[in-house]
Amino acid sequence: MESKKEFFLECYKLGIIKFGRFTLKSGIESPFYVDLRPLASDPKILKNLANYLLEMLPLDNFDLICGVPYAALPMATAMSLESYIPLIIKRKEAKSYGTKKLIEGIYQKGQNCLLVEDVITSGKSLLETIPEIEQEDLKVSDIVVVLDREQGGKQLLESKGYRVHTLFNISEVCNILQETGELSDEEVKRIQDFLQGNHIQFEEEIRSSYEQKLQVTQHSVSKKLLETALAKKSNLIASADVTTTQELLELAEKVGPHIIALKTHIDIISDFEYEKTITPLKAIAAKHQFLLMEDRKFADIGNTQELQFTSGVFKITDWADFVTSQVIGGFESLDCFKNVGVVAIVGMSSKGALTTASYREEALKVALSHPNVIGGVSQNKIPEDLLLFTPGVNLADSGDGKGQQYNTPEHVFKTLHTDFIIVGRGIYKSNDPEASAITYKTEGWNAYINSLEKKAIQG
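About the criteria used
- Residues numbered from 1 in each chain as written.
- Predicted model: local features only at pLDDT ≥ 70, side-chain atom pairs only at ≥ 80, totals over all residues.
- Heavy atoms only, no water.
- Helix = DSSP H or I, 4+ residues; strand = E, 2+ residues; numbered from the N terminus.
- Buried < 20%, exposed > 50% of the residue type's maximum accessible area, 1.4 Å probe, protein only.
- Contact = heavy atoms within 4.5 Å.
- Areas by Shrake-Rupley, 256 points an atom, 1.4 Å probe, with all protein chains shown as cover.
- Lys, Arg positive; Asp, Glu negative; His and termini not counted.
- Charge placed at Lys NZ, Arg CZ, Asp CG, Glu CD.
- Pairing = 2+ DSSP bridges.
- Right-handed = clockwise from strand over helix to strand, strands pointing away.
- Salt bridge = Lys/Arg side-chain N within 4 Å of Asp/Glu carboxyl O.
- Axes fitted to C-alpha atoms, helices over the stretch in contact; angles between N-to-C directions.

**Q** Teacher, can you tell me more about the overall build of the protein chain here?
**A** Looking only at helices and strands, the protein chain features 16 helices and 18 strands. Taken over the C-alpha atoms alone, the protein chain extends approximately 90 × 45 × 40 Å along its principal axes. The proportion of buried residues among the 459 residues of the protein chain is 50%. Within the protein chain, counting contacts between residues at least 6 apart in sequence, those at least 24 apart form 67% of the total. Total accessible area on the protein chain stands at roughly 21100 Å², and carbon and sulfur atoms take up 49% of it. Of the charged side chains in the protein chain, 50 are positive and 63 negative, and the gap between their average positions amounts to 2 Å.

**Q** What should I look at first to understand the pairing of strand β6 (residues 112-120) in this one?
**A** Within a regular beta strand, the side chains point alternately toward one face of the sheet and then the other, so they alternate between its two faces. Counting buried positions along β6 gives nine out of nine residues, so the element sits mostly inside the fold. As paired strands, β6 and strand β7 (residues 139-148) are joined by seven bridges and run parallel to one another. The partner of asparagine 112 across the bridge, within β7, is lysine 139. Read from β6 through helix α4 (residues 124-134) to β7, the crossover connection turns out right-handed.

**Q** I tried to follow the pattern of salt bridges on my own but got confused; where do I start?
**A** Between side chains of opposite charge, a pair can form when the charged atoms approach closely. Counted under the stated rule, the structure contains 16 salt bridges. Where arginine 163 meets aspartate 142, a salt bridge forms, and the shortest distance between an N and an O atom there is 2.8 Å. Here arginine 163, found in strand β8 (residues 163-169), pairs with aspartate 142, found in strand β7; they are 21 residues apart in sequence, far enough to count as distant. With relative accessibility at 31%, the residue arginine 163 sits in the partly exposed group. What makes aspartate 142 buried here is its relative accessible area of 0%. For lysine 263, the salt bridge goes to aspartate 295, with nearest N and O atoms at 2.9 Å. One end of the pair, lysine 263, is in strand β11 (residues 261-264); the other, aspartate 295, is in strand β12 (residues 291-298), with 32 residues separating them in the sequence. Using a relative accessible area of 7% as the deciding quantity, one classes aspartate 295 as buried. Connected through shared salt-bridge partners, Lys263, Asp295 and Lys297 make up one network.

**Q** Got a minute to help me understand the sheet that holds strand β3 (residues 64-67) in this structure?
**A** Two modes of strand pairing occur in sheets, parallel and antiparallel, and in both the strands are linked by backbone hydrogen bonds. Pairing is mixed across the open sheet formed by six strands, whose spatial order is β5-β4-β3-β6-β7-β8. Both edges of this open sheet fall to β5 (103-104) and β8, since each of them pairs with a single strand only. With three bridges connecting them, β3 and strand β4 (residues 87-90) associate as parallel partners. The residue bridging cysteine 66 from the neighbouring strand is isoleucine 88, located in β4. Along the sheet, helix α6 (residues 170-179) contacts β7 and β8; its crossing angle with β8, the most-contacted strand, is approximately 15°.

Shown next, in the form of structure tokens:
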């Protein structure tokens, strides 16, 4: 291929940048206007562009490529053809018929997706696109951009932990055009002055503190959880996926001082007896001041759920402070949980799960409107009116091997604005569960404190 400078000049002949006075969508008057869509009409240039973009990237990091609609779609397609990395297509809006999917193509949950963008200004279109891709349980760590307008978007995205690779920036192309006589010194100065005076200032979206949530929450269990978190300086919920009463009680005793709640699957206890299992468990919870969360994941009609909740050998209503429940039975199916808090299952991370973006949207409507619901289990951000419980946190498995940190406390507090982390194997499978609980408590609390830091980010 020709040099990068020669390549740009070939692109420039297609009229991709115009100079003068242009009113942008934001209402700002700009001395230049960028439109890279003509590049798709020249097959040779499009192919070369794809290769220039691919050369900047660690290709082994990516399982998929996706272009931000619409201008970047031909570029992403060309990159897919050149690299043999599969392409997925993101719609601007989901169809109102058929599958109603926003993301089209063949992919598997957990895969790492490279995003392709033509021009970056504020980064807004990318910040809208990334959550929609991540809602499909895909991971986004890198973004490749043809041209950076140098108005703050790149810095904003990098502050959120994404790696942004840019082929050109506007200062670089102005220098090229000045050297070749396409731009006068006066025009370059006007563009430089514009860039200095029109950096977009962003204020980081900041999550509410526990104190702030405590002031507005109405449910008694929410209050108790938040008060416990503040008193113990912990946001850790330990998952007790053990199968005997002895294991359950021993784990509760060891980790109790460091957790705000113990999550149980009481129906997997092989030797369950109420007096031998629940009575001492409640005593340990009272001693160490933590709540009991029964992860029953109720998923039936209201009458059946009420029987499962109040009757049988487990008598969950007598001891659990809060429970998990699917919302597939609808609003009224949650009415039976009168004396506990309900954590709605908004999304599941298991392979092949049917909790699609449209399902999650409907589930959140129920969760937000029902007075018994205190929060949601999700690996995606949810409205701050609900407490967010995030499972799958494990320091020993902090990366996906492809550069993106996903299940660390830092990630879930900073990116998802989670409220409480749920840790299973990282604690109960540890050789020293108490030491592991202390580590997760410390890491989780520090991540929460760091997520509260308010920073004005100026590009």
